[in-house]
Amino acid sequence: MKLATVIFYALSIWTMVSGLLAVSMRNVMHCAIALIAFFAGIAAIFFSLHAEFLGAVQLIVYVGAVTVLILFAIMLTRDVTGFEGASPFSGGAAWGWIASLAVLGMLAYSLSDLPPNPGFSTSNILTVADIGQALMTRYAIPFEVISILLTAALVGAVVIAMEEPKGK
Amino acid sequence: MPTLSDYLVLSAILFSIGLAGALTRRNTIIILVGLEMMLNAANINLVAFWHFLPPSPTGQMFALFAIAIAGAEAATGLALVIAVYRHYRSVNAEDISNLKG
Amino acid sequence: MPWIVQYLWLIALLPFAAALITAFLKRPLRTPAAAIVIGAMSISFLLSLCALAQVLKHGHEPQTCNFNWFHYGENAFVRLGFLLDPLSAMMLIVVSLVSLLVFIFSVGYMDHDENATRFFCFLSLFAGSMLALVISNSLLLLFMSWELVGLSSYLLIGFWYHKPSAAAAMKKAFIVTRIGDIGFFIGILWFYAGTGTTLFYTDDHQGSLEIARLGMLGASTALSISLLIFCGAMGKSGQFPLHVWLPDAMEGPTPVSALIHAATMVAAGVFLVGRMYPLFMVNESALHVVAFVGAFTALFAATIAVAQWDIKRILAYSTVSQLGYMMMGLGVGGYVAGLFHLFTHAFFKALLFLGSGSIIHACHHEQDIRKMGGLQAKMHLTFVFYGIGTLALTGFPLFAGFFSKDDLLLGAWHFHRTESWAFYIPFVFGLIGAAFTAFYMTRQVKYVFFGKARGEGAEHAHESGPSMTFPLLVLAALSVLTGFLGFPGHHFFHHFLGPNTEAHAFDGTALSIMFGSSILVLVAIYSGWKVYSGRVLEAGATDPLEARFPNAFRILQNKYYVDEFYEATVVAFTNAFARGVSLFDRYVLNGLFVLGSSMVVYVLSLVSQLMDDMAINGGFDKGCSTMRKAAGWNRWIQNGLSQHYLKLTSLGIILLFILALYFGNR
């Protein structure tokens, strides 16, 4: 077995296990920590696919920013909730599991008649310079639109989460 | 060597895990976590296609944009959670049923 | 390509930009707002003059500037463009000049309104969209500006939205025009399907109108498309039966009524018919429909105006009636006559509305003519200008309306040579309508300016400031002078607008029609003068017509009960339908369906309970809670929990997937 295969399977198991933990643990804080592991695993998968820039972005945005946001949200809302004990395996959740298993079955079915290995591992490399070039030329408009979207999301998030004036 | 379909299967599994999280948990924050996981699984698809079907950079660029959008989504989503929490004193999705018909 | 054609879009863009800037100005900054808007409009006006010069120099050939908007496939583009031809040059001048004057007037009129900044923003938005409508070289762009114009009209009618009547009027205007726009939109799609392009004219003569002119659409298709497009024109131009919104639109501030609901926007329907004239000409029946609808509207609205009390409502019905004249003119084949009347009408109707605005402003927002009176002594300038506007509208000899109305009547006379007696109708209706017009305008002038003051406002009235009288002066001059552009026998306007349509010769028939209609108008004015004099103008006196023909007067005062008719049919039907749907929802869906499904769900829940017991080995408590839950599951489909919706969504996706598999592999 080649090293790449070993790494792939290791990363697959890592992400699957951490992902399962992230959505199934009782303590929300533990979920968040499992989520960090999951995001890091995804970043590692990006690295193994030679998408180094994307892996770095994944680390910065998800492990760095999104998890911090989630931790903050948990800490801001946790104290009174008191229902952390609710298990994802309780009766009401059964349909959720059935639905997601059905979706998995659907995806598996559609992957089963994939044409025999359409491509094979290349040493395809996109340098940071290439990405910068592409962002400024072919993808300039999506790039600008995304920047507007991010600004809007930022402002919107602040407005939504802002403490309402006491006077109301 | 792992092939393209290996990555696709992995991404399908991770997507289903994320979906299961979004469907089964009652804590709104964990529902958002599930959504983020689904987005990440989709990104694996994009990057895998980029890696195995060169030379267009589109796959990576799209993944990049998806990450940016997911970041925006997480920020607004969590802000909404906090606003909802302030209103209902709860983040339990089952307490928030104003849509009830 | 001459620079003015290339930069034609600037004319429309400047007011848009001004609107955008004023939108961000704070409320107290009314003076800068007015300055920006008026400045942008003056530049647009100058550019329009350049465009006019270019047309005069270059001739009738349409000059276009087209570009690809976006592409939706291999070598398939949506193309938009701008067009400069005599028609659009004329409309540019009318719209930009009237807008400019109305903007200046608004400075004085809105000086007490705290939302004047917003007002200027909307006005500028309107002017921009109207100018864009005029210069668009594509039905798609025209439709976009058409809707923008509708939107700004909606915003401006409801400018005083705190008044319930204004809020109702704005909704009415929007919804009624929407009815016409449905037809218009279908017509656009059909036309696009038939010709394969949305451009009117192109450099290689492959534009949709050029194709249509060659008769490549087929007569019946052309007829259907023309009538669908005419639906849109009827809605916008207030033709019967879609005229009901226009009088109500007078709830807006008076400058708005002058600009939008008298001079420019309502003329958009007439302009549209003029623009699509090559298409309408393919099948004569389309033009006949236009002629009869127009003639009927002209007479119908003119009679209503006789029995109204609100100064602006009288003018509104007069507008509906004049728009009917324009449509009639286009329909009887007088392309130039209809558009010439549009041209002159824009100026004198704007004059009349601004004059009424000046009166209303002086009378502290009193609009009932019974409570005015004697203003002649207090408002000299307004009286003179209003008088000029009245004479122009009634078609008094040598005023603008005289020439254009005469042109229309002449066209209608020549219309009859085709087949049967029915083709006399437009001419007869037009003639009677002209008499009614002269009568009700005289009645209004007598009520407003003569006799003694009969109300609080009228007693303390005073002349308006220069920012209001100056536009009146300009418009009054134009109301006198523009008529001579169409001086019979000279035909300057004919040569300018349409080389392809021949002017009717100025012969004995023309002269006798001119003479006859003048006599008629003079008689009508005289009888109006006689009827409304003396004791009639004293406070509390009844209208002599009301005393004489109480029943007829009541019908006219209630506008032939058209509104009530709609209330009883269309609106009632819609409400009843909505109520029925609501009942169906409440009893059949929520009652029967939920009851029925609850049985199914109950059985399902038993199964689920068994599964729960086996899966988690839960005790008796768990079972009880599941039992209780079973009742809640009756409403499984609509329980308000977003997660359940998500579950259903994923199940739906799977279902779609299975369907796709099943049907896709065949």
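Everything in this summary refers to the structure shown in the same document. (Residues numbered from 1 in each chain as written. Chains lettered and ligands numbered in written order. Predicted model: local features only at pLDDT ≥ 70, side-chain atom pairs only at ≥ 80, totals over all residues. Heavy atoms only, no water.)

Some details on the overall build of chain A
Alright, step 1. Tallying secondary structure elements over chain A gives 6 helices and 0 strands in all.
Alright, step 2. Its helices and strands taken in sequence order, chain A reads α-α-α-α-α-α from the N to the C terminus.
Alright, step 3. Going through the 168 residues of chain A one by one, you find that 36% of them count as buried.
Alright, step 4. The contacts of chain A with a sequence gap of at least 6 include a subset with a gap of at least 24, amounting to 52%.
Alright, step 5. Put simply, chain A shows about 9200 Å² of open surface, and 75% of that area lies on carbon and sulfur atoms. (Helix = DSSP H or I, 4+ residues; strand = E, 2+ residues; numbered from the N terminus. Buried < 20%, exposed > 50% of the residue type's maximum accessible area, 1.4 Å probe, protein only. Contact = heavy atoms within 4.5 Å. Areas by Shrake-Rupley, 256 points an atom, 1.4 Å probe, with all protein chains shown as cover.)

Observations concerning the overall build of chain B
Alright, step 1. The secondary structure content of chain B amounts to 3 helices and 0 strands.
Alright, step 2. Helices and strands in chain B line up, N terminus first, as α-α-α.
Alright, step 3. Relative to its full complement of 101 residues, chain B shows a buried share of 61%.
Alright, step 4. Sequence-distant contacts, at least 24 apart, represent 60% of the contacts inside chain B between residues at least 6 apart.
Alright, step 5. Total accessible area computed for chain B in this model is approximately 3300 Å², and 67% of it derives from carbon and sulfur atoms.

Examining unusual backbone geometry
Alright, step 1. With an omega dihedral of 0°, the bond running from Phe240 of chain C to Pro241 of chain C counts as a cis peptide bond.
Alright, step 2. With respect to the helices and strands, the residue Pro241 of chain C is situated in the loop between helix 9 (219–236) and helix 10 (245–248).
Alright, step 3. At His50 of chain A, a position not held by glycine, the phi torsion is positive, near 65°.
Alright, step 4. The residue His50 of chain A is located in the loop between helix 2 (28–48) and helix 3 (52–81) in this model.
Alright, step 5. Although it is not a glycine, Leu398 of chain C sits at a positive phi angle of roughly 75°.
Alright, step 6. Position of Leu398 of chain C relative to the elements: it lies in the loop between helix 18 (380–394) and helix 19 (400–415).

Some remarks on the pattern of salt bridges
Residues and elements named next belong to chain C.
Alright, step 1. This structure, assessed with the given rule, holds 6 salt bridges over all chains.
Alright, step 2. The salt bridge partner of Glu251 is Lys163, with a shortest N-O separation of 3.5 Å. Of this pair, Glu251 sits in the loop between helix 10 and helix 11 (254–263) while Lys163 is found in the loop between helix 6 (139–157) and helix 7 (164–195), placing the two residues 88 residues apart along the sequence. (Salt bridge = Lys/Arg side-chain N within 4 Å of Asp/Glu carboxyl O.)

Describing the packing of aromatic side chains
Residues and elements named next belong to chain C.
Alright, step 1. Under the definition given, this model contains 35 aromatic pairs over all chains.
Alright, step 2. What links up through ring pairs into an aromatic cluster is the set Phe383, Tyr386, Phe449, Phe450 and Trp529.
Alright, step 3. Its end group placed over the ring of Phe450, Lys446 keeps NZ or CZ at 5.0 Å from the ring centre. (Phe/Tyr/Trp six-rings, centres within 6.5 Å; stacked < 30°, edge-to-face > 60°. Lys NZ or Arg CZ within 6 Å of the ring centre and 35° of its normal.)

Overview of the side chain of Thr469 of chain C
Alright, step 1. Structurally, the position occupied by Thr469 of chain C is in helix 22 (residues 466–481).
Alright, step 2. Those residues in contact with Thr469 of chain C, other than ones at most four positions away along the chain, are Leu381, Phe385, Glu463 and Ser464 of chain C.

Quick word on the interface of chain A and chain B
You'll often see interface size given as the accessible area lost when the parts meet.
Alright, step 1. Of the residues lining the interface, 83 residues belong to chain A; the matching set on chain B comes to 63 residues.
Alright, step 2. With both sides pooled, the region where chain A packs onto chain B buries about 6700 Å², and carbon together with sulfur makes up 78% of that total.
Alright, step 3. Our count for the chain A to chain B interface comes out at 0 salt bridges.
Alright, step 4. Counting every contact that joins chain A to chain B gives 8 residue pairs in polar contact (both at pLDDT 80 or more).
Alright, step 5. Only helix 1 (3–24), helix 2, helix 3, helix 4 (94–112), helix 5 (128–136) and helix 6 (140–161) of chain A provide two or more residues apiece to the side of chain A that touches chain B.
Alright, step 6. The dominant element in the side of chain A that touches chain B, judged by the number of residues it contributes, is helix 3 of chain A, at 16 residues.
Alright, step 7. Broken down by class, the residue content of the side of chain A that touches chain B amounts to 59 nonpolar, 18 polar and 6 charged. (Buried area = accessible area lost by both parts, 1.4 Å probe. Polar contact = N/O pair within 3.5 Å; in protein donor to acceptor, adjacent residues only side chain to side chain. Nonpolar A, V, L, I, M, F, W, Y, C, P; charged D, E, K, R; others polar.)

Overview of the nonpolar core
Inside soluble globular proteins, nonpolar side chains tend to come together where they are buried.
Alright, step 1. By size, the foremost hydrophobic cluster in this structure holds 182 residues, and its most contacted members are Phe191, Phe230, Met276, Leu279, Leu339, Ile359 and Leu375 of chain C.
Alright, step 2. Considering each element in turn, this core owes the most residues, 17 residues, to helix 16 (residues 335–362) of chain C.
Alright, step 3. Setting aside chain neighbours within four positions, we find Phe230 of chain C in contact with Val273, Phe280, Val289, Val290, Val293 and Met327 of chain C.
Alright, step 4. Counting 61 residues, the second-largest nonpolar core is a separate cluster that includes Phe46 and Val57 of chain A together with Phe65 and Leu78 of chain B. (Core = buried A, V, L, I, M, F, W, Y, C linked by side-chain atoms within 4.5 Å.)

Describing the packing of helix 5 (residues 116–135) of chain C against helix 12 (residues 267–275) of chain C
All names here are of chain C.
Alright, step 1. Taken N-terminus to C-terminus, the directions of helix 5 and helix 12 make an angle of 15°; their axes are 11 Å apart at the nearest point. Taken together, helix 5 and helix 12 sit at an angle that is classed as roughly parallel. For the element pair helix 5 and helix 12, the recorded crossing hand is left-handed. In this structure, helix 5 uses Met130, Leu133 and Val134 to contact helix 12, whose residues at the interface are Ala268, Phe271 and Arg275.
Alright, step 2. Within the contact of helix 5 with helix 12, the residues separate by chemical class into 5 nonpolar, no polar and 1 charged. (Axes fitted to C-alpha atoms, helices over the stretch in contact; angles between N-to-C directions. Parallel < 35°, antiparallel > 145°, perpendicular 65-115°, else oblique. Left-handed = near helix turned anticlockwise from the far one by under 90°.)

Things to note about a nonpolar patch on the surface
Alright, step 1. Among the surface-exposed residues, Leu154, Val155, Val158, Val159 and Met162 of chain A lie close enough to one another that they form a single nonpolar patch of about 470 Å² accessible area.
Alright, step 2. In this structure Val155 of chain A comes out as partly exposed when scored by relative accessible area, which is 46%. (Patch = residues over 30% accessible without salt bridge, like charges linked within 9 Å, V, L, I, M, F, W, Y side chains within 5 Å.)

Structural notes on the environment of Leu23 of chain B
Alright, step 1. Note that Leu23 of chain B resides in helix 1 (residues 4–24).
Alright, step 2. Looking at Leu23 of chain B, the relative accessible area reads 2%, which means it is buried.
Alright, step 3. Note: C-alpha distance between Leu23 of chain B and Gly34 of chain B (11 residues apart in sequence) is 8.4 Å.
Alright, step 4. Those residues in contact with Leu23 of chain B that lie beyond four places of it in its chain are Gly96, Ala99 and Ser100 of chain A together with Gln643, Leu646, Lys647 and Ser650 of chain C.

Focus: helix 15 (residues 311–331) of chain C
All names here are of chain C.
Alright, step 1. For helix 15, spanning 21 residues, the distance from its first C-alpha to its last is 30 Å, which sits close to the expected 30 Å at 1.5 Å a residue.
Alright, step 2. Burial analysis of helix 15 places 21 of its 21 residues in the buried class, the great majority of the element.
Alright, step 3. One side-chain oxygen of the residue at the start of helix 15 lies 2.8 Å from the amide nitrogen of Lys312, identifying that residue as Asp310.
Alright, step 4. In the segment just after helix 15, Gly333 is the residue with positive phi, at about 95°. (Expected span 1.5 Å × (residues − 1).)

A word on helix 20 (residues 425–449) of chain C
Residue and element names in this part refer to chain C.
Alright, step 1. With 25 residues, helix 20 extends 36 Å from end C-alpha to end C-alpha; this agrees with the ideal 36 Å at 1.5 Å per step.
Alright, step 2. The element helix 20 is extensively covered by neighbouring structure, given that 19 of its 25 residues are classed as buried.
Alright, step 3. Of the residues flanking the end of helix 20, it is Gly451, one or two places downstream, whose phi is positive at about 75°.

Describing the side chain of Lys236 of chain C
Alright, step 1. Here Lys236 of chain C lies in helix 9.
Alright, step 2. Of the side chains with opposite charge, Asp181 of chain C lies nearest to the buried Lys236 of chain C, which makes no salt bridge, at 4.7 Å. (Lys, Arg positive; Asp, Glu negative; His and termini not counted.)

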